[in-house]
Amino acid sequence: MKKVLLTLIAPLFGLLFMPGFAAAQGQYVSGTTGVDVSWPNCSASIPSVSFGIVGVTGGTVYSNNSCIAIEANHFKNLSFYANTGWNNKSEYINANSPKVCAGDDNNCLAYNYGYNAGLRAVQYALFQTLNINSMWWLDVETENTWNPDTAQNRSSLQGEYDALSANGIIAIGAYSTTAQWNSITGNWINNWPSWGATTWKTAKQAAKYCTGHEFTGGKSYLMQYQGRNLDQDYAC
């Protein structure tokens, strides 16, 4: 048994350590760089990079990035991100879909709010004739509208996640920072892949944050750093 096992392991060991072999986190090859763009970048000059992440929404949930199709056309390795939030005063609350909620059940209402936001984002991407079968990121930032009740915020995020999953999207993660994630979700450990934001100026600096900043409990796939004109991203 040991001899057979060693025979099987040896080729794999050789493959992993062959010169030029590159590991990957999801669809991103480790060590490569890309950019993320959305509605503020409609007229920006986009450089040639290994991957691109395009915003589907226009800065908030229930909004659209009007130039998504043009931006998406720049990238062969394309993924998406969508804004998230929870506003219990919003006109977009649906008490009957996908769950039937009691009027005072804010966790249920938050779930529906997030679910329908995710559904709207998917429908908009499809309307733009984009292939949605790639990595999607949920953008979780304090500048969006959230509730002081972190359990409700988690319900909204779970709803948006579930809407993407229900539409066949199997690779879904969260973009945030440790501080923002903990403030919004109450240190929620769900093991989703994470894409971290930093204030660093270079890929080399950002790469150091690939370990030790897994705010969801899942692996860090990307680290964002501040490029000259666009946000740039390092693949961990």
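Refer to the structure above for everything that follows.
Residues numbered from 1 in each chain as written. Predicted model: local features only at pLDDT ≥ 70, side-chain atom pairs only at ≥ 80, totals over all residues. Heavy atoms only, no water.

For the rest of this paragraph, the subject is the state of the cysteines. The tally for this structure, following the rule as stated, stands at three disulfides. With a sulfur-sulfur separation of 2.0 Å, C42 is cross-linked through a disulfide to C67. Between C42 and C67, the S-S torsion sits near -80°, and that sign places the bridge as left-handed. Taken together, the residues C42 in the loop between β3 (33-37) and β4 (51-55) and C67 in the loop between β4 and α2 (68-72) connect sequence positions 25 residues apart. (Disulfide = S-S within 2.5 Å. Helix = DSSP H or I, 4+ residues; strand = E, 2+ residues; numbered from the N terminus.)

A few words on the sheet that holds strand β5 (residues 78-83). Pairing in this closed barrel of eight strands is mixed, and the strands run β3-β4-β5-β6-β7-β8-β9-β10 around the ring. Neighbouring strand axes in the sheet, compared pairwise and without regard to direction, differ in orientation by 25° on average. Relative to strand β9 (residues 220-226), strand β8 (residues 194-197) runs parallel, the two sharing four bridges. What sits directly across from W195, in β9, is L222. (Pairing = 2+ DSSP bridges. Axes fitted to C-alpha atoms, helices over the stretch in contact; angles between N-to-C directions.)

This part is about helix α4 (residues 150-166). Side chains of residues three or four places apart in an α-helix project in the same direction, reflecting 3.6 residues per turn. Spanning 17 residues, α4 covers 24 Å between terminal C-alpha atoms, matching the ideal 24 Å at 1.5 Å per step. Every buried residue belonging to α4 is among Q152, N153, S155, S156, L157, G159, E160, Y161, A163 and L164, and all of these are buried. Contacts from the buried residues of α4 go to β5, α3 (106-127), β6 (136-139), β7 (172-176) and α5 (178-185). Between a side-chain oxygen at the N-terminus of α4 and the backbone nitrogen of A151 the separation is 2.9 Å; the capping residue is D149. (Expected span 1.5 Å × (residues − 1). Buried < 20%, exposed > 50% of the residue type's maximum accessible area, 1.4 Å probe, protein only. Contact = heavy atoms within 4.5 Å. Polar contact = N/O pair within 3.5 Å; in protein donor to acceptor, adjacent residues only side chain to side chain.)

With that out of the way, let us pick up the side chain of S90. Within the fold, S90 resides in the loop between β5 and α3. What makes S90 buried here is its relative accessible area of 14%. Within the local environment of S90, its side chain forms a polar contact with the backbone nitrogen of Y92, the two atoms lying 2.9 Å apart.

Attention now goes to the nonpolar core. Formed by 42 residues in total, the largest nonpolar core has its most connected members in V56, W136, W181 and W192. Elements with a contribution of two residues or more to this core: β3, α2, β5, α3, β6, α4, β7 and α5. It is α3 that contributes the most residues to this core, nine residues altogether. When neighbours within four sequence positions are excluded, W136 is seen to be in contact with V56, F80, A82, A121, V122, A125, L164, I169, A171, I172 and G173. If you look at the next biggest cluster of nonpolar residues, it comprises 11 residues, including Y81, M135, W137 and A235. (Core = buried A, V, L, I, M, F, W, Y, C linked by side-chain atoms within 4.5 Å.)

So, to be careful, I would describe these as geometric facts and stop short of saying anything about function.
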